Amino acid sequence: MTIVSRTSDLIGDTPLYELARTGTGTRLLLKLDHLNPTGSCKVRMARQIIDEAEQAGHLKAGGEIIEPTSGNTGCGLALIALERGYRFTAVVDHHAAQDKLRMLAALGAELVFVDSPPGGGVASVRRRAVASRLATERDAFHPDQHNHSGNGNGYSSLAGELLDELGGVDVLVAAIGTGGSLCGTVRALRAHGARTRSVAVEPAGSIIFDGAPDVYHQTGAGSPAGFPVGRNVVHELIDESHQVADADAFACARVLARRNGMLVGGTTGGAVHVALRRLLDYPSGSTVVVLCNDTGEKYLESVFNVDWLRARDVYDEPAHRRVDRWLSAYADSVQVAQRDLRRRASA
Ligand SMILES: Cc1ncc(COP(=O)(O)O)c(C=O)c1O
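Residues numbered from 1 in each chain as written. Predicted model: local features only at pLDDT ≥ 70, side-chain atom pairs only at ≥ 80, totals over all residues.

S.K.: I tried to follow the sheet that holds strand E4 (residues 87–93) on my own but got confused; where do I start?
M.R.: Sheets are built from strands paired through backbone hydrogen bonds, the pairs being either parallel or antiparallel. Read from one edge to the other, the open sheet built from three strands follows the order E3-E4-E5, with strand pairing classed as parallel. Of all strands in the sheet, those bounded by a partner on one side alone are strand E3 (64–68) and strand E5 (110–114). Sheet twist, expressed as the mean angle between neighbouring strand axes with direction ignored, is 20°. The sheet contact formed by E3 and E4 spans five bridges and is parallel. Paired with Ile65 across the two strands is Phe88, which belongs to E4. (Pairing = 2+ DSSP bridges. Helix = DSSP H or I, 4+ residues; strand = E, 2+ residues; numbered from the N terminus. Axes fitted to C-alpha atoms, helices over the stretch in contact; angles between N-to-C directions.)

Laid out in structure tokens, this is it:
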């Protein structure tokens with residue numbers, strides 16, 4: 001075991017978890033990146049953005065960083081800022097998960113709230129405008145994660161870990177928002193010669209892949225109507241895109257908690273839902289990896305609270321049973337395949 005003295009030294013080297021396997025030998029693995037400090041993969045890119053800003057001379061000693069955030073990017077920036085002596089201001093809105101806002105405050109971030117109607121569409125547009133104005137007024141560094149190169153670059157370490165552990169990844173599935181985690185990881189995997197198929201999952205109602213705009217409650221992923229999609233969504237790097245309804249994404253996260261004791265957030269639930277749906281479509285023996293964006297502990301008052309779900313009409317009991325049945329069916333098919341193998345070996 002290595003002893004570290006900075007919290008950010010604990011970023012990366014997150015474990016892999018086998019969630020399902022088909023009778024044809026395809027494995028569904030979860031990359032448990034929610035086990036990073038701050039409970040999210042986004043801390044990888046927060047560190048990279050600050051590294052790049054320091055190298056480019058955009059951050060002076062004791063300077064300020066200002067970014068609009070639904071929480072995870074902010075928590076990552078707050079951590080790196082406090083370690084390096086910068087002030088961090090997060091521009092947030094009241095639709096953010098309360099636990100994320102509390103975590104930002106606990107990490108010493110200043111919170112600036114913008115108001116908006118329910119649904120978050122206008123909120124994220126306003127957050128961005130306010131952050132940009134404040135940064136100009138205060139002569140602060142404004143990373144703009146939707147367009148900053150450090151966002152995608154921050155995931156080359158993740159690609160390296162996958163290659164070290166697995167040798168290669170056939171399919172990478174991830175929820176998409178800024179695009180940094182999926183596109184950054186896939187770009188780095190391919191740069192090392194991997195022939196990885198990339199699968200982006202956005203909430204139904206998000207417009208990244210030209211779907212019809214609507215309200216959705218999966219925070220962090222997707223882009224609402226009126227929000228300009230940034231440069232870190234690199235369409236040429238994305239092979240498949242899928243939409244997932246809030247009810248399915250949340251049911252999947254909840255079944256993973258109940259069945260496996262694995263607490264992940266709603267957008268990870270959505271990505272796992274798509275991977276389970278698609279698993280048999282990939283060639284036998286495929287290694288399919290789902291990136292876990294953040295921990296379910298950030299959503300105990302929302303995704304894991306039936307009253308919160310019912311109030312938003314996104315609680316769907318049959319959706320829970322469906323996910324449970326898929327996981328049981330994969331477990332059964334592995335047993336059948338293993339029995340067949342044993343029979344053939346003893347014949
Ligand atoms: C919970 C959650 N899921 C998914 C995403 C999307 O990740 P990316 O912005 O790298 O596309 C984010 C981004 O903030 C997030 O916080």
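S.K.: How do you make sense of the packing of helix H2 (residues 72–84) against helix H3 (residues 98–106) when you look at a structure like this?
M.R.: Packed helices, taken two at a time, are described by the angle their axes make and the gap between the axes. Packing of H2 against H3 leaves a shortest axis separation of 9 Å and a crossing angle of 10°. Judged by the angle between their axes, H2 and H3 are roughly parallel. Every pair of crossing elements has a handedness; the one defined by H2 and H3 is left-handed. Only Lys100, Met103 and Leu104 of H3 make contact with H2, whose side of the interface consists of Asn72, Gly74, Cys75 and Ala78. Residues that form the contact of H2 with H3 fall into these classes: four nonpolar, two polar and one charged. (Parallel < 35°, antiparallel > 145°, perpendicular 65-115°, else oblique. Left-handed = near helix turned anticlockwise from the far one by under 90°. Contact = placed C-beta atoms within 7 Å. Nonpolar A, V, L, I, M, F, W, Y, C, P; charged D, E, K, R; others polar.)

S.K.: How should the domain arrangement of the protein chain be read in this particular structure?
M.R.: By a frequent convention, interface size equals the accessible area lost on bringing the separate parts together. By domain assignment, the protein chain separates into domain 1 (7–36 + 153–329) and domain 2 (42–149). Summarising the inter-unit geometry, the C-alpha centres of domain 1 and domain 2 are found 23 Å apart. Each partner contributes to the interface: domain 1 provides 29 residues, whereas domain 2 provides 25 residues. When the residues that make up the side of domain 1 that touches domain 2 are grouped by side-chain class, the tally is nine nonpolar, 15 polar and five charged. (Domains from an automatic or database assignment.)

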